Amino acid sequence: MSIIPETVWLPRAPVLLVPAGLLLWGWQTQQVIIAVLMALLLESARLHQWKLELDNTDFNRVTDFTSLVMVLTIVYMFYNYGSPGIFEILSSLPLVLFPMILAQQYSTRGNLNMSSLFISMRKLSDIDPWFTDNRIDISIPYFIICVIAASEGNRLPGIYFSLVCLLTAWLLWGIRSRRYHPLVWFMMLAIATGAAFAGQHGLRYLQGQLEARYIDFFNRFHSARRNEHRQTTAIGSIGTLKFSDRIVLRIEPDLPLQQPLYLAEASYNYYAYGTWTNIDQKSLVIDPELNGTSWLLSRSDSGHNRAAITAYFDDDEALLPVPQGTTGIHSLAAFQLERLNTDAIRVELKPGWNRWNVHYHDSIVTPSRPVHADLHIGQTYEEELKQLASDLGLYNLAPVQAVSMVENFFNENFRYSLTRKQRYPRGKYLSKFLFEDRKGHCEYFATATALLLRSAGIPTRYVVGYSVDEYSDFENRYVARARHAHSWVVAWIDERWIRIDTTPAVWADLESENRSSLQFISDFWSWLRLRSDELGDSEFVRNQDFTWIIAGLFLVLMLSIYRRKRAQLRSMRPGDSRTKAKVQGMDSPLYECIQRIEDMGYTRKPGETLYGWFKRLSKAFPQLMDSGIVELHNNYRFNPSTPVTPVDISDAAQRIPPLFSTRVR
Amino acid sequence: MLKKLLFRNFRLLYKAGRALRSRFTGNGLMILTAAITAGVFGFDTWQTLSHQVFSLLFFIIAVALLCSFGFRNKLTVRRLLPDFATAGQPVRYDLIIENPDDREQVELEVEDQLQTTFPTYAEFHALKDPMDHRRNWFDRSVGYPRLMNLIRQRRGGFIQSGGRFSLPAHGRHRYTCTLTPVHRGYLNFTGVRLLKPDPLGLVYSASEIRLRERLLVFPRHVNLGKLNLPGSRKYQPQGRVMSTSVGDSEEFLSLREYRAGDPLKKIHWKSFARLNIPVIKEYHDEYCVRQGLILDTWNGSGDNGLFEDGVSAAASFAIACIRQDTILDLMFAGEKSYRFNAGRGSLTLENMLEILACVQASNEDNLEALQNMAVNVSSECSVFICILLDWDARRQSLIRTLRQRGMTVLCIVITPGPALTEMDTTPLLDHPQYLVQVRQTDFDRDLQSVSNRTGPP
């Protein structure tokens, strides 16, 4: 029992404010019907007198249930949506926390005990005399949660802002200081609202500015989707490049791979200051076959290799990673497929896990021919590269031999490195790589190769994608991780594009050295997500399932509270045989003895204690108190740890009626 | 290293929390929390509209903060404290607030402040909180709740203010606060904060008035009822003449004529003046019940709660014994040995409780000093009540020594509980019922059971 008096934290929300918050949430998240029902349910608690007598244990159960649902929601949302799931969790908060506010509104107390919110407090409440289990009214916090959760809807910002201002004013009016005239209050609020209006625009502008300034950074490290028009490389960056171990692709070829499989996502032809771009952005929409899921990139050749590829797409538009010799894409649930001028495949499809089959050749079969941009070098490096090409004698060699010469040049004189410690002047990155450091990662090699071959008059393109070589024994298929992202070059030789990869073959091993020791956990998690998607029919069905799970849990909670209440009511009912045995000491033989004494005419006065009654009787029967039966009975009835048994009482009780019978005689 | 770093962060956290609580009203804290939450979710302004909520709440708080400056206070405050309080017992006291200004003060709040000192790392590190075993793993290993408990103990009390009030021009208001002392000893009041909420009701303007005072808090005690401790009355040489009218042998016997050799201080001057011959007051030798209360202060376990309960037990016995008109010798040892004598004209019950309110636990073994002191007074005392914090060999040896001198000893051993500990009754073999285990978890009930056990062994 605490010695510090109990207090109630936070005032009660003004009338209709919480329902208004709920309606705002329902409107923004397009759950109007649910919101209206919830609002009606809450508000009706004010209109009638029917209340539940919930005690702390009941509140504990409700909050435990809410916590359970909260945990399930978090797991479910992250499981299905990944990191964007945080916003889904936010939008579901009013629904998840609804049992708590409902319990508060329909309880006679009208507020919750703090220990119901924090389990650690429950253990202290009964032993720590300095601990006070204060009460808290959660109506205002719940209203605030509704308003913030509504923001997830991201609809009609102007109206949302106005409504939030209105509701906040409503809230603040109730808690304002009466020391000042309402006009002062109104003016302060008007100033704050005006500043907030400008402020929220300012925040958006600030984010826009930051993104514009650091777009490269965001693109390189945070954007999941490859940009088909521009690829900013890490050429010139200081420090060590680090890539994630996250599995991004799963590949199941018909036959085991004899050499790494190159899956291209995009290719570029114009280089300047560390960025590759495509000047020509034209694309060609390819019609699907009659089945709607197959697209043939080459009708004359079907390709003799087969592979199934699985990947996760956050967006509904993506560049499809495929082998460069792809002749056809099958079993792909896409709405549209386009081939870009640079031979990249752009698709419109449903976000989430997608799987498709590819038919491909080992050699590159693409219809596009080189364009003028495929020979562009740029003034920055033109002179140096032409000098280098001349030094290597590339001008005097046939294209095939020139390519071999370049491959040898990089193979013999350069080494692979993910670290760069020195900063170079802008526009000198490649010069330093080619003539001084002679070390770098795949982007250096691919860019330098492309430009060097161009200086020898061979059209080239810079290609980005994945080099697949890792076989997962756990999943029984090949996997490509984020760190397997790679760049290489395609060169136009003998009327076809051939792949040239001058990056030293050790690159994959060096990058895998940095892998996390906990990689297997993320691999397992990724596999689990994939499996769940394969098992589930659709997101809608899963959401329905989830709602049913929550509804089931809610039912269990209600049932548990009902059973508890019924047991409490039963214990208060004296005649119920089911409760008799449960109450400590109710089976004491003294009750029978009392009945017998009363039957003899020695009645107990109303309100007279057992001890008082026996003491009164002991004036006539002095031996009555000697029996010690009252002490035995009280011990048995009220002391849970007593060693007294009904047999002890029974022994003592047997000696009592004869006393009375003697007197009667 | 990590714990030290955590401790430093706790200090920052605690100070930040205090600063926030002293500046913001409860509603203000709620709006601040909402603003931070909206800020977190509104970090990406394209994902949600939460940044709008953040912006609105942020500017509301900013405007409220701007309006909260400039509280020119002319009010005067006086505090009317009681003479003493008891740990765990709420006590009411008043603050007299006067407004000499021509302007009415509306919706003022008052916060009376107790001195709060932040513990050092060594104090925090050495602390053992009996509540720890009920906390979860995280709280137990990080220790923040333990630290908060320690700060609360050091502050010594909890003050519940009397809500908002208004003060007319040149008016006076009696503001009643409820103080619940949580710890024995002196409570130090530092000052009074007068708070004025801003128009939005979110932020306070505060004016601090320095008002240093202190209040003695007696240890928590339990009503033990009538104790029927054994032991015969013993002759109390000298000193007991200060007793006036109590005891079964009236110590003032009669007046008689002066005889050669009678001490001058025994002359009854009023009779001498009336009769013109020296008259002497004749006294009877004093025999009365004198009991020794030995408090074990050696807290080897480091559990401060154990020692506090020991003090509470000592206070409960002191009250029961002194009220029963016996002389009580309180003995304990710290850096040196202390012995205080109460009852029958010596120290009063309040004096004794004041001593117990200030007694400190000792980290060193002082049982030998305690034993010597008890042995020295054993010829005068009829019974010893020993409040022990453990029942180890050293304590058992102390009891054995007292028993060997023929003393009746009642042993109260404070244990953490909740389970009863098996205790060796050999030192009290002839009357094992005088070995009483008082569990911290069931302190009141266990201690009250002592009165049932007392009586001739």
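In this section: the overall build of chain A. For chain A, the helix and strand inventory stands at 25 helices and 26 strands. Out of the 665 residues belonging to chain A, those deemed buried represent 47%. The long-range share in chain A, meaning contacts at least 24 apart out of those at least 6 apart in sequence, stands at 75%. Looking at chain A as shown, the accessible area adds up to about 34,000 Å², and 57% of this sits on carbon and sulfur atoms.

The next point concerns a nonpolar patch on the surface. Residues and elements named next belong to chain A. Taken together, Leu23, Val32, Val36 and Leu40 make up a surface patch of nonpolar side chains, about 320 Å² in accessible area. By residue number, the principal contributor to the nonpolar patch is helix α2 (residues 32–47), which donates three residues. You can see Val36 is positioned in helix α2. Residue Val36 is classed as partly exposed on the basis of its relative accessible area of 33%.

With that settled, consider the sheet that holds strand β16 (residues 334–340) of chain A. Residues and elements named next belong to chain A. Overall, antiparallel pairing links the four strands, which are arranged β10-β16-β17-β13 in an open sheet. With one partner strand each, in any of the chains shown, β10 (283–286) and β13 (317–319) form the two edges of the open sheet. Going across the sheet, the axis of each strand differs from the next one's by a mean of 25°, ignoring polarity.

Let us look at the nonpolar core. Within the largest apolar cluster, 79 residues are counted, with the highest numbers of intra-cluster contacts made by Tyr142(A) and Leu202(B). When residues in this core are grouped by element, the largest group, nine residues, is from helix α8 (residues 139–150) of chain A. For Tyr142(A), the residues in contact, after removing those within four places along its chain, are Val18(A), Leu22(A), Met38(A), Leu42(A), Pro94(A), Leu97(A), Phe98(A) and Ile101(A).

What follows deals with the interface of chain B and chain A. Each partner contributes to the interface: chain B provides 54 residues, whereas chain A provides 56 residues. When the area that chain B buries against chain A is broken down by residue, the three leading residues are Leu49(B), Arg134(B) and Pro199(B), summing to 14%. One can count zero salt bridges joining chain B with chain A. At the junction of chain B and chain A, the tally comes to 16 residue pairs in polar contact (both at pLDDT 80 or more).

Right, let's get into the confidence of the model for chain B. All names here are of chain B. Overall, the prediction assigns chain B a mean pLDDT of 84, with 92% of residues at 70 or greater. Confidence scores differ between elements of chain B, with strand β10 (residues 234–235) showing the lowest mean pLDDT of 54 and helix α3 (residues 50–67) the highest of 95. Here residues 238–250 scores under 50 on pLDDT; set against residues more than four positions off or in separate chains, the count is 28 contacts.

With the rule as written, the count across this model stands at four cavities of 30 Å³ or more. Taken together, Phe143(A), Ile144(A), Val147(A), Val164(A), Leu167(A), Thr168(A), Leu171(A), Ile31(B), Ala34(B), Val53(B) and Leu57(B) make up the full set of residues lining the second largest cavity. For the lining of the second largest cavity, the element with the most residues is helix α9 (residues 157–174) of chain A, which contributes four residues. Partitioning the lining of the second largest cavity into residue classes produces 10 nonpolar, one polar and no charged.

Residues and elements named next belong to chain B. Inspection of the entire model under this criterion finds zero disulfides over all chains. Looking at Cys386, it has no disulfide partner, and the nearest cysteine sulfur is the one in Cys411, 5.0 Å off. Using a relative accessible area of 0% as the deciding quantity, one classes Cys386 as buried.

All names here are of chain B. Take Thr415: it is sitting in strand β18 (residues 408–415). At 3.3 Å, the side chain of Thr415 and the side chain of Gln437 are in polar contact. Residues within four places of Thr415 in sequence aside, it is in contact with Leu306, Thr421, Gln437, Val438, Arg439 and Gln440.

Residue and element names in this part refer to chain A. Where helix α20 (residues 590–599) meets helix α21 (residues 610–618), the closest approach of the two axes is 13 Å, and the angle between their N-to-C directions is 45°. Classified by the angle their axes make, α20 and α21 are oblique. The two elements α20 and α21 meet at a crossing, and its hand is left-handed. Two secondary-structure elements touch here, α20 through Leu590, Ile594, Ile597 and Glu598 and α21 through Leu610, Trp613, Phe614 and Leu617. Across the contact of α20 with α21, the residue classes break down as seven nonpolar, no polar and one charged.

Turning our eyes to something else, we now look at the sheet that holds strand β2 (residues 84–86) of chain B. Residues and elements named next belong to chain B. Reading across from one edge, β2-β9-β8-β4-β6 is the order of the five strands in this open sheet, with mixed pairing throughout. Single-partner strands in this sheet number two, and they are β2 and β6 (165–167). Neighbour-to-neighbour, the strand axes of the sheet open up by a mean angle of 50°, direction not taken into account. Note: strand β4 (residues 105–114) against strand β8 (residues 185–197), six bridges, orientation antiparallel. By the bridge assignment for β8, Glu111 is matched with Arg193.

Residues and elements named next belong to chain A. Averaged over all residues, the pLDDT of chain A is 81; the fraction at 70 or higher stands at 84%. In the predicted structure, residues 215–223 sits below a pLDDT of 50 and forms 11 contacts with residues beyond four places in sequence or in another chain. Here residues 537–542 scores under 50 on pLDDT; set against residues more than four positions off or in separate chains, the count is four contacts.

Residue and element names in this part refer to chain A. Relative orientation of the contacting elements helix α12 (residues 379–392) and helix α15 (residues 442–455) amounts to 75°, with a least axis distance of 8 Å. In terms of axis orientation, α12 runs roughly perpendicular to α15. Between α12 and α15, the contacting residues are Tyr381, Leu385, Lys386, Leu388, Ala389 and Leu392 on the first element and Leu451, Leu452 and Ser455 on the second. Residues that form the contact of α12 with α15 fall into these classes: seven nonpolar, one polar and one charged.

Throughout the structure, instances matching the rule amount to 34 salt bridges over all chains. For Lys386(A), the salt bridge is made with Glu382(A), and the minimal N-O distance between the two is 3.2 Å. Here Lys386(A) and its partner Glu382(A) are both found in helix α12, four residues apart, which amounts to about one turn of the helix. Notably, a salt bridge pairs Asp329(B) with Arg339(B), separated by 2.8 Å at the nearest N-O pair. Pair noted here: Asp329(B) is in strand β15 (residues 327–333) and Arg339(B) is in strand β16 (residues 337–342), with a separation of 10 residues, a long-range link.

Every buried residue of helix α23 (residues 629–638) of chain A is accounted for by Ile629(A), Val630(A), His633(A), Tyr636(A) and Arg637(A). Viewed along the axis of α23(A), the buried residues span an arc of 135°, placing them on a single side of the element.

For a regular strand, side chains alternate in direction, first toward one face of the sheet and then toward the other. Residue and element names in this part refer to chain A. Counting buried positions along strand β22 (residues 460–468) yields nine of nine residues, so the element is predominantly enclosed. Sheet analysis places strand β7 (residues 261–268) next to β22, joined by seven bridges and oriented antiparallel. Looking across to β22, one finds that Ser267 is bridged to Val463.

What counts, and at which threshold
Residues numbered from 1 in each chain as written. Chains lettered and ligands numbered in written order. Predicted model: local features only at pLDDT ≥ 70, side-chain atom pairs only at ≥ 80, totals over all residues. Heavy atoms only, no water. Helix = DSSP H or I, 4+ residues; strand = E, 2+ residues; numbered from the N terminus. Buried < 20%, exposed > 50% of the residue type's maximum accessible area, 1.4 Å probe, protein only. Contact = heavy atoms within 4.5 Å. Areas by Shrake-Rupley, 256 points an atom, 1.4 Å probe, with all protein chains shown as cover. Patch = residues over 30% accessible without salt bridge, like charges linked within 9 Å, V, L, I, M, F, W, Y side chains within 5 Å. Salt bridge = Lys/Arg side-chain N within 4 Å of Asp/Glu carboxyl O. Pairing = 2+ DSSP bridges. Axes fitted to C-alpha atoms, helices over the stretch in contact; angles between N-to-C directions. Core = buried A, V, L, I, M, F, W, Y, C linked by side-chain atoms within 4.5 Å. Buried area = accessible area lost by both parts, 1.4 Å probe. Polar contact = N/O pair within 3.5 Å; in protein donor to acceptor, adjacent residues only side chain to side chain. pLDDT = per-residue confidence, 0-100. 1 Å grid on protein atoms, 1.4 Å probe; cavity = no way out; pocket = protein on both sides within 12 Å on 5 of 7 lines; lining within 4 Å. Points joined across faces, edges and corners; volume = space filled by probe spheres on them. Nonpolar A, V, L, I, M, F, W, Y, C, P; charged D, E, K, R; others polar. Disulfide = S-S within 2.5 Å. Parallel < 35°, antiparallel > 145°, perpendicular 65-115°, else oblique. Left-handed = near helix turned anticlockwise from the far one by under 90°. Arc of directions from axis to C-beta.

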